[in-house]
4 protein chains.
Amino acid sequence: MEKQKEEYKDLGFGTKAAEKNQRLINPDGSFNVEITGQPLSERYHLYHNLIHMSWWRFAMMVVLFYLFGNLFFAAIYMAIGVEHLAGVIAETYLEQFYEAFFFSAQTITTVGYGRISPTGFESSLVASIESLLGLLGFALATGVLYGRFSRPEVKILYSQQAVIAPYREEKAFMVRLANKRRSKLIELEVQVVFTRNENKNGKVIRQFYTLELERSKISLLPTSWTVVHALSENSPLYNVTPSDLFESDAEFLVMLKAFDETFSQTVYSRYSYKPSELVWDAKFSNIFGLTETGKTTMEYDRFHEIEKLTL
Amino acid sequence: MEKQKEEYKDLGFGTKAAEKNQRLINPDGSFNVEITGQPLSERYHLYHNLIHMSWWRFAMMVVLFYLFGNLFFAAIYMAIGVEHLAGVIAETYLEQFYEAFFFSAQTITTVGYGRISPTGFESSLVASIESLLGLLGFALATGVLYGRFSRPEVKILYSQQAVIAPYREEKAFMVRLANKRRSKLIELEVQVVFTRNENKNGKVIRQFYTLELERSKISLLPTSWTVVHALSENSPLYNVTPSDLFESDAEFLVMLKAFDETFSQTVYSRYSYKPSELVWDAKFSNIFGLTETGKTTMEYDRFHEIEKLTL
Amino acid sequence: MEKQKEEYKDLGFGTKAAEKNQRLINPDGSFNVEITGQPLSERYHLYHNLIHMSWWRFAMMVVLFYLFGNLFFAAIYMAIGVEHLAGVIAETYLEQFYEAFFFSAQTITTVGYGRISPTGFESSLVASIESLLGLLGFALATGVLYGRFSRPEVKILYSQQAVIAPYREEKAFMVRLANKRRSKLIELEVQVVFTRNENKNGKVIRQFYTLELERSKISLLPTSWTVVHALSENSPLYNVTPSDLFESDAEFLVMLKAFDETFSQTVYSRYSYKPSELVWDAKFSNIFGLTETGKTTMEYDRFHEIEKLTL
Amino acid sequence: MEKQKEEYKDLGFGTKAAEKNQRLINPDGSFNVEITGQPLSERYHLYHNLIHMSWWRFAMMVVLFYLFGNLFFAAIYMAIGVEHLAGVIAETYLEQFYEAFFFSAQTITTVGYGRISPTGFESSLVASIESLLGLLGFALATGVLYGRFSRPEVKILYSQQAVIAPYREEKAFMVRLANKRRSKLIELEVQVVFTRNENKNGKVIRQFYTLELERSKISLLPTSWTVVHALSENSPLYNVTPSDLFESDAEFLVMLKAFDETFSQTVYSRYSYKPSELVWDAKFSNIFGLTETGKTTMEYDRFHEIEKLTL
């Protein structure tokens, strides 16, 4: 136990005591940490952003690029002179601009109807550059769309609350998890780290403990998995009380690793529980059953249900 | 042994006793489990579906999208007025609709012959939007086609029946497997889990045992691999009879992990045997030979052949 | 040692005695095995083939598809009637066919100049189908081209010959290997399996031994790596003679695993040595030096050089 | 310790003594090694080059390909005769060439306005070949762009200097590292190898030692990680002096392995420190703090700061 304790002594979060009930891991699995003084240019990664932004923002960005790209090239065609675009049907200046704009759209998408077409060196040159940029732009869009689409997006459902339930002769800390998706998860591994403030030689520092689990690996996740840590004598949670956890600003960090068969990739997921998300003397409701033909069933909509126990 | 037993105690299927000869793992490797109460919107994953649907359904979907997309835009062009599509040759209303439909097809594919071309602001605008959507749509299709095409599709051939054959001084449970594809499989690992109903303190629950194998890893799979579990004293199958297996609703779960060289990815495969798929006192036929030049051969078409032994 | 021997007892090749100096592993790393009786339809995998065929054959295939695709559609346009393709300039039947052919090419590539354009329902419909097929076809080609291009193609250079050289107080079997490519290989692992025919209870069977290596893992491969197996008392090669190896139809199988940084993937490579490729009492020439500025150099063109030793 | 020493005895760099303060690993992680005598054709790998060249060079290459491709095809159209391109508006020979050039651009990008269009067999044939090549070329570009874009580009920030600082009862060698990117790194493993010239039986050879670390693995890297090697009695650095390190041409090689969640791939990074980059009796400045709300902060811009200690 001492060895494990040492191994994850600070988990990369440092040993500075936590304050004001802050979590280390946010509900979406990101780290609750602020990095200051890093220039944006260094930290920013275009692909990372394009892959992780919402579909809504991504669509907006494509539309804006298309709009401003065409406005930009329309302006150039106007500057060269709309008379170098054969076939333009326009009386007013605004109509000429429209025609230049739509000619640009027809060029950048390579649709090229040809009702309007460039004549003369300058407008032909600009059009040939625009169509090249259009092709490269859509090549990029193809890549990014595929990247967004094919990214393994493991969605693990963690029970909204963890429980402390009677377990064999003692008590145990329990968390329930399931796969939200239809992808098959296999070779699952879970690690639970418990962290709290402790007084070491008069200085309050944050300590980290890897909790020993009844089982830390399973081969398949067809339904759900209840992760169990027995509060035995070796556990840092032995004889702990609810107020102990609140006072020491404790947190339970759940880290999951699995192989996603659909995407053929290893995926990771994280979640954490603060003392306020812990229910004492309760157990997860049984959500398993059998159909008439003998098939195992799981009631997904009762996943978070907890039953208070009268001891 | 006790430790292994503990480790895979329920394999993620729970310990509820099985009934009516239901399997845990279907022949295609999926889990025979029903999850109820989950909203479709949460569980549905577009990419997962597009990747896993049959080629036939995928082709149908592309065609329907193309057809209805063009019908939709044709309707818009008609609403704007077919007179804003220059070059339309049509006398009847139906012919006008045809022309609008084919103009739409020429726009969405960016073929843009230009015999028909948009004039005026509205139809030009709609056409520029349609060609953008067309490009993005085909970008998506490119990604999905590649995803479908390049997905490592390990196809393991498992012997239709498992056998219990004499082995050294005792008996052994045996399964034969081979690679259906031309891709090279390397670093193979197999795990066999045996499960049956057991009476524990008057309650019938499902127990899981990882079977000890003669060999659980091989470096290469040039031909076939016969997986062997000796029915020694430590085996949960020691002295078991056919009727024992039927009565306890037993099942043998075979789980394979390998690295596929063609796709450079780790792949997984599963299969299971019920007591009715188990042949006693039989062995797999020898399907290996040598060509005249001394090269090893395997008769693939005799892969499932079993020879009854007269003891 | 006994345990290792057991673990790789047949390596997946079976224990049938080899004959007529046949190798188990071909110089290109494939298995020298013939599988008979498998229907082509089951074994054939389109993507696997498209990825592994030579660039020359791949180019031929693209050209033929393009040619026959256009001939096919040209025939259809001719059948519908060339008068439904507006703008055709042709006097003879052959010229009409040319025009139909080129119209098809302009449609399938979505270039669509529009000099020739479809009029009437049938030819418009066929053209809209053709452009859809064209787009999907090129989407597939994009995916396959990327797959071919981005496939990690580890090229390990193995010394043409292995040597038996004096090593410390004894002798050792040695093989030299290097990376042919500029990609960085890291976390390399090598395994050498020795196989020969042996007489077991009067029956000649093939035995496999994993050879113990002086070092089986290295972190990086900046230059070359000499893999060393000492012929100590525990080695199956202890006191072996050249004629022993020839008579027992021996083979040394070298299996390498590494991580390729350029492709971010684990790669595998195999090679084998028959007794005729083994040089006794020789060592690999020293090909390392230092530049004037102190930088390490390796003479790649002397990689296979061996020096005979006079003992 | 002896075992580890053996395992990485030469790390793949050979045991030739280093000279003139040369590094083994360059600051960008590449190997400081020169391989001579390898034909370029064997070593060159097109994809590797296209993926690793700078964006600037890549853009230049695309532009040059586009330019020369169009010049090439323009020349062919001119050779066939510009009269076979219908719609050309040109008086001088130069203007004819321009028109042929822009027609080529419109063909290769498949924009195909159609103002200029091929008539006659030869120019139609060339145009159909050009549009095929254009499509395949842009398919390749799409793949390469995606490959460049989606390549996991782990950027680890290593402290510019390593320090030797007091640590518990003794001293320790320390290096600080952090993630430059917003991608999440998990399951980090670090290995530090120390190398120096040593006199073995009168011959100076290079020795390699894997340094024992206080902790060599962490689960997450939310902020930074200080890697610590205690200079205990077992360390090859026990009682070493600055001049010892300079004289033996020592180097500390830091090798990091991690899983990048954004790209779902294992990534590697390397760095090295020469004696001149080592600060004695100093420690890394504390750059951690808490916001008013209790959130952990890290001052990235003070990452390299070192404080000299007065002992």
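Scroll up a little and you will see the structure.
Anyway, here's the lowdown on the structure attached to this text.

Notes on the overall build of chain A
- From N to C terminus, chain A includes 7 helices and 17 strands.
- Its C-alpha atoms give chain A a radius of gyration of 29 Å, more than 25% over the compact-globule value 19 Å for 311 residues.
- Each principal axis of the C-alpha atoms in chain A carries an extent, and together these give about 90 × 65 × 30 Å.
- The buried share of chain A, taken over its 311 residues, is 40%.

Here's the deal with the relation of the copies chain A and chain B
- The transform that puts chain A on chain B rotates by 90 degrees and translates by 0.0 Å along the axis, for an RMSD of 0.0 Å. These values place the two chain copies in the arrangement generated by a four-fold rotation axis.
- Interface residue correspondence from chain A to chain B reaches only 10%, placing this contact among heterologous pairings that use different surfaces.

Here we look at the interface of chain A and chain B
- With 50 residues of chain A in contact, the opposing surface of chain B contributes 48 residues.
- Among the secondary structure elements, those contributing two or more residues to the side of chain A that touches chain B are helix H5 (93-108), helix H6 (121-150), strand S9 (217-220), strand S15 (288-290) and strand S16 (296-299) of chain A.
- Per element, the largest residue contribution to the side of chain A that touches chain B is 7 residues, and it comes from H6(A).
- Tallied by class, residues from the side of chain A that touches chain B come to 22 nonpolar, 17 polar and 11 charged.
- Here S16(A) runs beside strand S1 (residues 33-36) of chain B; their pairing, made up of 4 bridges, is parallel. Each residue of the ladder has a partner; that of A:Met298, found in S1(B), is B:Ile35.

Some points on the sheet that holds strand S1 (residues 33-36) of chain C
- Taken in spatial order, the 3 strands line up as S15(B)-S16(B)-S1(C) in an open sheet, and their pairing is mixed. Every other strand in the sheet has two partners, leaving strand S15 (288-290) of chain B together with S1 of chain C as the edge strands with one partner each. Sheet twist, expressed as the mean angle between neighbouring strand axes with direction ignored, is 30 degrees.

Here we look at helix H5 (residues 93-108) of chain D
- When the terminal C-alpha atoms of H5(D) are compared, their 22 Å separation across 16 residues agrees well with the 22 Å that a helix rising 1.5 Å per residue should span.
- Within H5(D), burial applies to D:Gln96, D:Glu99, D:Ala100, D:Phe101, D:Phe102, D:Phe103, D:Ser104, D:Ala105, D:Gln106, D:Thr107 and D:Ile108.
- Packed against the buried residues of H5(D) are H6 of chain A together with helix H4 (55-80), strand S2 (85-86) and helix H6 (121-150) of chain D.

Thoughts on unusual backbone geometry
Residue and element names in this part refer to chain C.
- Unlike most non-glycine residues, Asn239 shows phi in positive territory, near 65 degrees.
- Relative to the assigned elements, Asn239 resides in the loop between strand S10 (224-230) and helix H7 (242-247).
- Residues other than glycine seldom take positive phi values, yet Asp249 does so here, at roughly 50 degrees.
- Tracing the backbone shows Asp249 in the loop between H7 and strand S11 (251-260).
- Given 21 C-beta atoms within 10 Å, Asp249 falls into the buried group.

Some details on the environment of A:Ala90
All names here are of chain A.
- Note that Ala90 resides in the loop between strand S2 (85-86) and H5.
- In sequence terms Ala90 and Ala141 are 51 residues apart; their C-alpha atoms lie 33 Å from each other.
- Once residues lying within four places of it in the same chain are set aside, the contact partners of Ala90 are Glu95, Gln96 and Glu99.

A closer look at the sheet that holds strand S16 (residues 296-299) of chain C
- With mixed pairing, the 3 strands of this open sheet are ordered in space as S15(C)-S16(C)-S1(D). Bordering the open sheet on either side are strand S15 (288-290) of chain C together with strand S1 (33-36) of chain D, each of which pairs with just one other strand. Across the sheet, the mean angle separating the axes of adjacent strands is 30 degrees when strand polarity is ignored.
- When S15(C) meets S16(C), the two strands line up antiparallel, connected through 3 bridges. Within the sheet, the bridge partner assigned to C:Leu290 lies in S16(C) and is C:Thr296.

Overview of the pairing of strand S5 (residues 162-167) of chain C
Residues and elements named next belong to chain C.
- Two strands pair when backbone bridges link them, and S5 and strand S13 (residues 278-280) are joined in this way by 3 bridges, in the parallel orientation. Note on S13: the bridge partner recorded for Val163 is Val279.
- Across 5 bridges, the pairing between S5 and strand S6 (residues 170-179) is antiparallel. In the strand pairing of S6, Tyr167 is matched with Glu170.
- Counting the residues between successive antiparallel strands, the hairpin from S5 to S6 contains 2 residues, one of them, Arg168, with a positive phi of roughly 50 degrees.

Comments concerning the packing of helix H4 (residues 55-80) of chain C against helix H6 (residues 121-150) of chain C
Residue and element names in this part refer to chain C.
- In contact at an axis separation of 10 Å, H4 and H6 are set at 170 degrees when each is read in the N-to-C sense. Taken together, the axes of H4 and H6 lie roughly antiparallel to each other. Between H4 and H6, the contacting residues are Val62, Phe73, Ile76, Tyr77 and Ile80 on the first element and Glu122, Ser123, Val126, Glu130 and Ala141 on the second.

Some thoughts on the environment of B:Thr262
- Relative to the helices and strands, B:Thr262 resides in the loop between strand S11 (251-260) and strand S12 (265-273).
- For B:Thr262, a count of 19 C-beta atoms within 10 Å puts it in the partly exposed group.
- Considering only alpha carbons, one finds B:Thr262 and B:Arg182, 80 residues apart in sequence, at a separation of 8.8 Å.
- Residues within four places of B:Thr262 in sequence aside, it is in contact with B:Ser183, B:Lys184 and C:His48.

Rules used throughout
Residues numbered from 1 in each chain as written. Chains lettered and ligands numbered in written order. Predicted model: local features only at pLDDT ≥ 70, side-chain atom pairs only at ≥ 80, totals over all residues. Helix = DSSP H or I, 4+ residues; strand = E, 2+ residues; numbered from the N terminus. Rg over C-alpha atoms; globule rule 2.2 N^0.38 Å. Buried ≥ 20, exposed ≤ 12 C-beta atoms within 10 Å, placed from the backbone. Least-squares fit on C-alpha atoms with pLDDT ≥ 70 in both. Contact = placed C-beta atoms within 7 Å. Nonpolar A, V, L, I, M, F, W, Y, C, P; charged D, E, K, R; others polar. Pairing = 2+ DSSP bridges. Axes fitted to C-alpha atoms, helices over the stretch in contact; angles between N-to-C directions. Expected span 1.5 Å × (residues − 1). Parallel < 35°, antiparallel > 145°, perpendicular 65-115°, else oblique.

It is worth stressing that arrangement in space is one thing and function is another; only the former is reported here.
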